[in-house]
Amino acid sequence: MIRVAAVGDVHVGIDSAGSLRPGWDRLGDEADCLLLAGDLTKGGEAEEAAVLAGELDGLGLPVIAVLGNHDHHAGDPGAVRGMLVDAGVTVLEGEAARVELDGGTLGVVGAKGFGGGFEGAMATEFGEEEMKAFVRHTRERAEAIDRALEDLEADVRIVLLHYAPVRGTLFGEPAEIFPFLGSYLLAEPCDRAGVDLIVHGHAHRGRHEGATAGGVPVRNVAMPVIERAYVVFSFDLARSTA
Ligand SMILES: [Fe+2]
Ligand SMILES: [Fe+2]
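What comes next is a walk through the structure. Because the structure is a prediction, the values reported are computed rather than measured.

1. Describing the coordination of the iron ion (ligand 1)
Around the iron ion (ligand 1), the protein contributes the donor atoms D9 (OD), H11 (NE2), D39 (OD) and H204 (NE2), at 2.1 to 2.3 Å from the metal centre. In this structure, the iron ion (ligand 1) is surrounded by four donor atoms whose angles at the metal cover 88 to 169°, and the resulting shape is irregular. Mapped onto the sequence, the residues coordinating the iron ion (ligand 1) show the spacing D-x1-H-x27-D-x164-H. In this structure the iron ion (ligand 2) is found 3.5 Å away from the iron ion (ligand 1), and D39 serves as a bridging donor for the pair. Of the two residues, D9 is situated in the loop between strand 1 (2–7) and helix 1 (21–24) and D39 in the loop between strand 2 (33–37) and helix 3 (46–56); the sequence distance between them amounts to 30 residues.

Have a look at this one:
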């Protein structure tokens, strides 16, 4: 059995010390690994990431994270990333991590993702350079996920995103902003590889459960959606139960 805890959008500020840790105190007993699905900080300040590092200190399980749009807001995502890496967090952007656990090997491919929309209502790389750049950013994230999955061998494979790969976990948000909440391009490499689970955040007013066209379970783990400190996905290696 592999047990994976996940939460996104914790939005830590400099005044957040002590706010998350009580909810995470039993994490080491309940899960083998923690995934953080981006928007780790309020405004992308290194000082905010330092507060999060303090909340994570001594949790007793591996922590794997991706950054979100809020973590880019101050213009220096590298500072947020560096603060978390120094605290022992594995921060992924188009890369894979393998973790050897008692129950088997967990493989996680992580990427922020980006927007563009979904089947029937999506932006394309056409027209103004700004529009091309917008969609290109998403496409490049999706291509990185594809490459990282190609070489990843593990008993359980999870893709960790900030932006959504399907519209199914967005219902509850205004439909007008769906193109800014995610892109179908992020789901395609996951379907090709047949991963076990995709988790994402970003859509605070969305819903928890969805699936890709290929049947991969998608879970929105934004803290305002799950309304608790984390959710745990358990994988029986004979049959996944996400
Ligand atoms: Fe958020
Ligand atoms: Fe976000």
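Continuing now.
2. Considering the coordination of the iron ion (ligand 2)
Every protein donor of the iron ion (ligand 2) is listed here as D39 (OD), N69 (OD1), H162 (NE2) and H202 (ND1), and their distances to the metal cover 2.1 to 2.2 Å. Taken together, the four donor atoms coordinating the iron ion (ligand 2) span angles of 89 to 156° at the metal, a pattern that classifies the geometry as irregular. Written as a sequence motif, the donor residues of the iron ion (ligand 2) are D-x29-N-x92-H-x39-H. Assessed through its relative accessible area of 27%, N69 is described here as partly exposed. Take H202: its relative accessible area is 12%, and that puts it in the buried class.

3. Concerning the sheet that holds strand 6 (residues 104–111)
An order of 5-6-9-10-12-11 is seen for the six strands of this open sheet, with the pairing classed as mixed. Strands with a single pairing partner mark the edges of an open sheet, and in this sheet they are strand 5 (95–101) and strand 11 (209–211). Going across the sheet, the axis of each strand differs from the next one's by a mean of 25°, ignoring polarity. Where strand 6 meets strand 9 (residues 156–161), six bridges bridge the pair, whose relative direction is parallel. Bridging across to strand 9, G107 finds its partner in R157.

Reading the values: the criteria
Residues numbered from 1 in each chain as written. Chains lettered and ligands numbered in written order. Predicted model: local features only at pLDDT ≥ 70, side-chain atom pairs only at ≥ 80, totals over all residues. Heavy atoms only, no water. Donors = N, O, S within 2.8 Å, 3.2 Å for Na, K, Ca; no water. Tetrahedral: all angles 85-135°; square planar, octahedral: opposite > 155°, others 65-115°. Helix = DSSP H or I, 4+ residues; strand = E, 2+ residues; numbered from the N terminus. Buried < 20%, exposed > 50% of the residue type's maximum accessible area, 1.4 Å probe, protein only. Pairing = 2+ DSSP bridges. Axes fitted to C-alpha atoms, helices over the stretch in contact; angles between N-to-C directions.

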